[in-house]
Amino acid sequence: MRRLVVALVLLATASGARALEIRSCHVRLDVAEGGSARGTVSLHLAAVEPGRIAIPLGFADVQGLRLASAMPAGTTLTSVSGNGQTIVLVDLPQGVAPETTLSLAFEVRQAFVVTKLAAGEKSTLPEGSRLLRHALVNSQPATIGSYRAEVLFPDGMRAHAIREALPKLGKKESEPRVRLTAIEGRNGARLQVARLLQGDSASMQLELVPRKRSPGWLIAGLILSVLYLVHFRDLIAKKG
Amino acid sequence: MTATTALPTSDDRLQQLLDMEKMTLSSAGRAAQGRAEQWMRYLGFPGGIAVFLFFYYFSFDGGLSGAAQAGLACFLLALVWWITEPFPTYVTSLVLMFLLLVTRTAGSKAIMDVLGMEVIWLNLLAFILSSMLVKTRLAKRMALTLVLRFGHKAGWALLAFLIIQMVLAPLIPATAARCVMTLPLMLVVAAIYGSTEESPNAFGRNLMLLNLVGISVLSSMTMTGSSANLIAVGLIQSMGGHRIYYMDWARLGAPIAILTTLAMWFLGRKWIFPISAEEQIPRLPGGLDVVRRKREEMGPFTLGEKKAVVIFALVLLLWMTDVFHLRWFGVEISAPFAALLGAVIVLFPRWGVLQWSEADIPWHLLIFSAGAYAGGLALDDTGAAEWAVRKLFDRLALDQLPFGIVFTLIVAVMMYSHLLTTSKTVRTMILIPIIITLSKALGWDPVSLALPAALCIDWVVGLPISGKPNVILFSTNQYSVVDNLKYGLITCTIGVVLLVISAATWFHWLGITPSFWAVAR
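A short tour of the structure in this document, coming up. Quantities reported herein were computed from a predicted structural model and do not represent experimental measurements.

The rules behind each value
- Residues numbered from 1 in each chain as written.
- Chains lettered and ligands numbered in written order.
- Predicted model: local features only at pLDDT ≥ 70, side-chain atom pairs only at ≥ 80, totals over all residues.
- Heavy atoms only, no water.
- Helix = DSSP H or I, 4+ residues; strand = E, 2+ residues; numbered from the N terminus.
- Rg over C-alpha atoms; globule rule 2.2 N^0.38 Å.
- Buried < 20%, exposed > 50% of the residue type's maximum accessible area, 1.4 Å probe, protein only.
- Areas by Shrake-Rupley, 256 points an atom, 1.4 Å probe, with all protein chains shown as cover.
- Lys, Arg positive; Asp, Glu negative; His and termini not counted.
- Charge placed at Lys NZ, Arg CZ, Asp CG, Glu CD.
- Polar contact = N/O pair within 3.5 Å; in protein donor to acceptor, adjacent residues only side chain to side chain.
- Contact = heavy atoms within 4.5 Å.
- Buried area = accessible area lost by both parts, 1.4 Å probe.
- Salt bridge = Lys/Arg side-chain N within 4 Å of Asp/Glu carboxyl O.
- Expected span 1.5 Å × (residues − 1).
- Axes fitted to C-alpha atoms, helices over the stretch in contact; angles between N-to-C directions.
- Parallel < 35°, antiparallel > 145°, perpendicular 65-115°, else oblique.
- Nonpolar A, V, L, I, M, F, W, Y, C, P; charged D, E, K, R; others polar.

**Description of the overall build of chain B**
- In terms of regular secondary structure, chain B is built from 24 helices and zero strands.
- Computed over its C-alpha atoms, the radius of gyration of chain B comes to 23 Å, within 12% of the 24 Å expected for a compact globule of 521 residues.
- Here the C-alpha coordinates of chain B stretch approximately 70 × 55 × 50 Å along the principal axes.
- The burial tally for chain B puts 60% of its 521 residues in the buried class.
- As presented, chain B carries roughly 19,800 Å² of accessible surface, and 67% of it is formed by carbon and sulfur atoms.
- Charge centroids of chain B, computed over 37 positive and 30 negative side chains, lie 3 Å from each other.

**Focus on the side chain of Glu 150 of chain A**
All names here are of chain A.
- With respect to the helices and strands, Glu 150 occurs in strand E9 (residues 147–152).
- Assessed through its relative accessible area of 7%, Glu 150 is described here as buried.
- Engagement of the side chain of Glu 150 in a polar contact is seen with the side chain of Arg 28, the distance being 2.9 Å.

**A closer look at unusual backbone geometry**
- Cis geometry marks the peptide bond from Leu 166 of chain A to Pro 167 of chain A, where omega comes out at 0 degrees.
- Looking at the secondary structure, you find Pro 167 of chain A in the loop between strand E10 (157–166) and strand E11 (178–183).
- At Asn 477 of chain B, a position not held by glycine, the phi torsion is positive, near 60 degrees.
- Considering the arrangement of structural elements, one finds Asn 477 of chain B in the loop between helix H22 (468–474) and helix H23 (481–504).
- Exposure remark for Asn 477 of chain B: the relative accessible area of 7% places this residue in the buried category.

**Structural notes on the interface of chain B and chain A**
- Listed as interface residues are 32 residues of chain B and, on the opposing side, 38 residues of chain A.
- Summing both partners gives a buried area of about 2,900 Å² for chain B against chain A, and 58% of it is carried by carbon and sulfur.
- Taken as a group, Tyr 42, Tyr 57 and Arg 104 of chain B account for 23% of the area that chain B buries against chain A, more than any other trio of residues on that side.
- In this assembly, chain B and chain A are joined by two salt bridges.
- With a closest N to O distance of 2.5 Å, Arg 104 of chain B and Glu 207 of chain A form a salt bridge.
- Taken together, the links from chain B to chain A amount to 16 residue pairs in polar contact (both at pLDDT 80 or more).
- Only helix H2 (35–57), helix H3 (66–84), helix H4 (89–102), helix H11 (227–240), helix H18 (384–396) and helix H20 (424–442) of chain B provide two or more residues apiece to the side of chain B that touches chain A.
- If you tally residues by element for the side of chain B that touches chain A, the top one is H2 of chain B, at 13 residues.

**Quick look at H11 of chain B**
Residues and elements named next belong to chain B.
- With 14 residues, H11 should reach 20 Å at 1.5 Å per residue; the first-to-last C-alpha distance of 19 Å fits that figure.
- Here the buried face of H11 lies against helix H12 (246–272), H20 and helix H21 (446–454).
- Where H11 ends, the next residue or the one after it, Gly 241, has phi of about 75 degrees, a positive value.

**Focus on the environment of Ile 244 of chain B**
Residues and elements named next belong to chain B.
- Relative to the assigned elements, Ile 244 resides in the loop between H11 and H12.
- On the basis of relative accessibility, which here comes to 5%, the residue Ile 244 falls in the buried class.
- Excluding its chain neighbours within four sequence positions, the residues that come into contact with Ile 244 are Met 223, Val 233, Ile 236, Trp 249, Val 447 and Leu 451.

**Details of the packing of helix H2 (residues 216–231) of chain A against H2 of chain B**
- For the pair H2 of chain A and H2 of chain B, interaxial distance at closest approach is 9 Å and the crossing angle is 170 degrees. The orientation of H2 of chain A relative to H2 of chain B falls into the category roughly antiparallel. Contacts from Gly 216, Trp 217, Leu 218, Gly 221, Leu 224, Ser 225, Tyr 228, Leu 229 and Val 230 of chain A of H2 of chain A reach H2 of chain B at Arg 41, Tyr 42, Leu 43, Phe 45, Pro 46, Ile 49, Phe 52, Leu 53, Tyr 56 and Tyr 57 of chain B.
- Its residues placed into classes, the contact of H2 of chain A with H2 of chain B shows 15 nonpolar, three polar and one charged.

Below you can see the structure in the form of structure tokens.
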């Protein structure tokens, strides 16, 4: 039923959004230790007309949605969810500039993937590891010219591995789809796609681990080295 | 190879050297030679651990994932152990595979699957074909003929091998195949010049390492010399927008490769591993007359030898005609499958020439290769290799530098980066796109940097882990890892120097590179 509602909403917005151009869409998510996160999305729009536009966000469980840039009075926001992502419906009043930057702020209740284990089922992640996933489906008619999603990891955490980075790189692309990078002095990851047509998707999944490594390898390495140096002294003994 | 005891007469000695069917590729480690090597082995173990701990715990910037950092630490530990040899190379490979798992760099399936890779199969099957050459005594006949014709002096014998590799390179893209084909000849000729596993000499070192250089470097003569060359050509076309034709590549690559191998033929025996006067001639009392007599005693070709010739010719034909397979058979028979067909015929009851128990398959070598490939793939899959390359180019700050300096740095990075990778394909896939992107960003034609860089792809001669022929030739125990490194680095440096001189002269005259001191925009 929910899918049907989303489909109807998108259909209703389709006529108003036909000429709309989304030149770029930049999302940033700042994740706190427990998994709650603060996010912003900034869209550079062209050929904007009064009416309703739909903005897919790529996060489920979004709350506290609000405008973060100056827009004409009467601009309203509504959110609906479907297919694991939130879609923001923006109603633009008369007088909206044809080319504008629309910024929204929001909170995500839980950015980490929460897996409910069945009785007797073992976790595939070691203690202290967390999975962070962002997946966007361009579920509105306009092509997104450039899509970039940045995730700032909680303090004290780093990425152990990039487990998913989609879409696959094209023949002419040389930059990795997902790049781990320092953002404003914090560890983070950046997903970048040049062009997302209607129905295209982009996603990344990261395994986060505590930044501080266990001293186990240090202790084992020192013990082994000392044992070797003692027990293999004969290797350097002078012959005869 | 391990042979039995020393002998009284020249005939007996030669007979023992040529009794290759009684020899096996030894898994015994090479004894340390000299005090320096003893200390290197002793300190190599804690040294490797120290390198591991540094790279594992050091706080790099946010661009490196935990798995990539752990993979880098594991690979560098193995690299130190492979070079210093505190224990046999295959044990290091097994340690590396275990470390990759427990540091969560790679999953168990990815690590174990390495043993099923095409390259491991090709090595295995090529050893069966090599055993066929030995068992049927075809290798012995060919080696005796080669020595009789060119073996009056060590220099000519070495040159003969270089010419053989030069002829084979454009015909057979699989370097392991070329290596295994010629390995039995190398072993016999080395033995005739007094170089065996027990007492390797300068001739043996020169012979093995010159063949290694010949097999690898001469692959860069043509764009079909290896599949990695073709990948580079594809990347230059798709990302750089320039089509590279066969002759575009050959006219640049062939002169550089041939000049370098000739330089190594000369420098190797005169300067790197000087061949003493007594090693210049066959080390057999009676000299070449004994060799001639042995050759005559072999008589005409036996049925086994004839079968071996036919089987080898069939495999060779399939290796040489791979571009036509799709048209002829509707399917491409890759190099390992061509060797597999050869192995089937070789081992076929009654019609074949070998039984399974007679095939000398050095499993320790395949385990060594598997470990090296697992480590190399982990560096690629986790992004560690790409991170390291980008970091390096960022540090070099190439903008505003004259073209010649940029060219020199890029070619040097491409050339020496093989020391930290185990696969030409992976190295190509990482470096060539970055070089193309970099050239565009700096304002140079991508071909001017990417094509010369691509000519370095096959120069994987620095370490025993750097390529398939390296692993195979290292198993002969005729040279140490340090010998390999020394010879390989000199080869690569000559290559870089020749490429830089070429960029300043005839590459520019051909319109490939801009003026050497030009500054972009």
